[in-house]
Amino acid sequence: MDFRKWRILLWAIAAALNAAGLYMVFFFVPAEMTMGEVQKIFYYHVPSAISAYVLFALAFAFSLLFLWKEEPLWDSLAHACAEVGWVFITVVLVTGPIWGRAAWGKWWVWEPRLTTALVLWLMYTAYFLLRLFSGHDARTARVAAVMAIVAFFDVPIVHFAIKWWGSIVHPPKVSLEPAMRLTFLVTSAAVLSLAAALTLTRASLGFDEARSLAEEAQ
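Conventions adopted
Residues numbered from 1 in each chain as written. Predicted model: local features only at pLDDT ≥ 70, side-chain atom pairs only at ≥ 80, totals over all residues. Heavy atoms only, no water. Patch = residues over 30% accessible without salt bridge, like charges linked within 9 Å, V, L, I, M, F, W, Y side chains within 5 Å. Areas by Shrake-Rupley, 256 points an atom, 1.4 Å probe, with all protein chains shown as cover. Salt bridge = Lys/Arg side-chain N within 4 Å of Asp/Glu carboxyl O. Helix = DSSP H or I, 4+ residues; strand = E, 2+ residues; numbered from the N terminus. Phe/Tyr/Trp six-rings, centres within 6.5 Å; stacked < 30°, edge-to-face > 60°. Buried < 20%, exposed > 50% of the residue type's maximum accessible area, 1.4 Å probe, protein only. Lys NZ or Arg CZ within 6 Å of the ring centre and 35° of its normal. Lys, Arg positive; Asp, Glu negative; His and termini not counted. Polar contact = N/O pair within 3.5 Å; in protein donor to acceptor, adjacent residues only side chain to side chain. Axes fitted to C-alpha atoms, helices over the stretch in contact; angles between N-to-C directions. Parallel < 35°, antiparallel > 145°, perpendicular 65-115°, else oblique. Contact = heavy atoms within 4.5 Å. Nonpolar A, V, L, I, M, F, W, Y, C, P; charged D, E, K, R; others polar. Expected span 1.5 Å × (residues − 1). Core = buried A, V, L, I, M, F, W, Y, C linked by side-chain atoms within 4.5 Å.

Now for a nonpolar patch on the surface. Residues L22, Y23, F26, F27, F28 and L182 make up a contiguous nonpolar surface patch of roughly 690 Å² in combined accessible area. A per-element tally of the nonpolar patch places helix α1 (residues 4-28) first, with five residues. Along the chain, F27 falls in helix α1.

The following block contains the structure:
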C-alpha cells in the first residue's frame, strides 16, 4: 500500500496546526491566575492523553480483527497504533510531573489516576518490548494482540479514576475561559493530527517490512 500522499498531507496539517498551537500557547492565551505560566503545559498534556486513548482503542480494535481474520494488515496497524500510543502516554507521564512539581511542589503522588496511568504505560512498554525483541512470526503477533486487548481495559480505569476514587492533584472538572478553550481546541487538533501522521508513517514502515519478509519467504 502506498500512503505517501496521505503521509505528506497529514504531516503538512500537523506542522501547520502545531505552529498555530504553539503560537497561541506562548503569545495568545493568558496565564492561569493560580498556577501561572506552568499551566500552559495543559494544552499539550491533555491532548497527548486523548491521543494515547484513541490510539490504544484503535490498537484494541485492530488486534481483535487480527485474531479474527489473521491478516498481517491488521497486525501492522495494531502495532503502529500501540507504538505511537506508547509515545504519547510517555509524553503524558513526563509533562505531568513537571507541571505538578511547579504547581503543587511534588513530582509524583500515588493517587488513582497517576498510578493507573503508570500501570498503563508499563503494560504497553511490555507490548513494545515484545515486538522489539521477539521475532516476526505469527505466534508473536498473536501474543502481542492479546496483550494489546488486555492492556486497553486500563484506559477507562485511568479516565474514570477521578470520578470513582477522587484525586489529590487532578480537579474533577476544568472550566476554561474562551481564549483558553480556543487554544485547547487548536492544540488538540494539532496533537491528534501529529498522532495520525506518526501512526500512518509507522504503519507504512510495517507494511514494507511485512512485504520484505513475505518476499524472502518465497
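With that settled, the discussion passes to the packing of aromatic side chains. Working definition: an aromatic ring pair is given by the centre-to-centre distance plus the angle between the planes. If you walk through the whole model with that rule in mind, you get 13 aromatic pairs. Judged by centre distance (5.5 Å) and plane angle (70 degrees), the ring pair of W108 and W110 falls under edge-to-face. Owing to a relative accessible area of 27%, W108 belongs among the partly exposed residues under this scheme. Given a relative accessible area of 63%, W110 falls into the exposed group. Measuring from centroid to centroid gives 5.5 Å for F160 and W164, while their planes differ by 25 degrees, and the two rings are stacked. Taken as a pair, F160 and W164 lie in helix α6 (residues 154-165) at a separation of four residues, close to a single helical turn. In this structure F160 comes out as partly exposed when scored by relative accessible area, which is 33%. Positioned above the aromatic ring of W68, the side-chain terminus of K69 is 4.1 Å from the ring centre.

It is worth spelling out unusual backbone geometry at this point. Of note in this structure, E70 is not a glycine but carries a positive phi near 55 degrees. In this fold, E70 is placed in the loop between α2 (42-69) and α3 (72-104). What makes E70 exposed here is its relative accessible area of 54%.

Now for the side chain of D154. As for its placement among the helices and strands, D154 is situated in helix α6. No salt bridge is formed by the buried D154, whose closest oppositely charged neighbour, R113, lies at an N-O distance of 10 Å. Engagement of the side chain of D154 in a polar contact is seen with the backbone nitrogen of L120, the distance being 3.1 Å.

Attention now goes to the packing of helix α5 (residues 138-152) against α6. Direction vectors running N to C along α5 and α6 enclose 20 degrees, while the axes themselves pass 5 Å from each other. Taken as axis vectors, α5 and α6 run roughly parallel relative to one another. When α5 is examined against α6, the residues V150, A151 and F152 are found in contact with a partner set consisting of D154, V155 and P156. In terms of residue class, the contact of α5 with α6 is built from five nonpolar, no polar and one charged.

Along its 25 residues, α1 runs 34 Å from first to last C-alpha, staying within 8% of the 36 Å computed at 1.5 Å per residue. Among the residues of α1, A14, N18, G21, M24 and V25 are the ones counted as buried.

Moving on, we get to the nonpolar core. Proteins that are soluble and globular tend to have nonpolar side chains buried together. Ranked by size, the top nonpolar core spans 35 residues in total, and within it F56, F88, L120 and Y124 carry the most contacts. Sorting the residues of this core by element identifies α2, α3, α4 (112-133), α5, α6 and α7 (178-217) as the ones contributing at least two each. The element contributing the most residues to this core is α3, with eleven residues. Look past the residues within four positions of F88 in its chain and what remains in contact with it is S48, S51, A52, L55, V191, L194, A195 and L198. Residues Y43, W99, M180 and F184 belong to the second largest nonpolar core, which totals nine residues.

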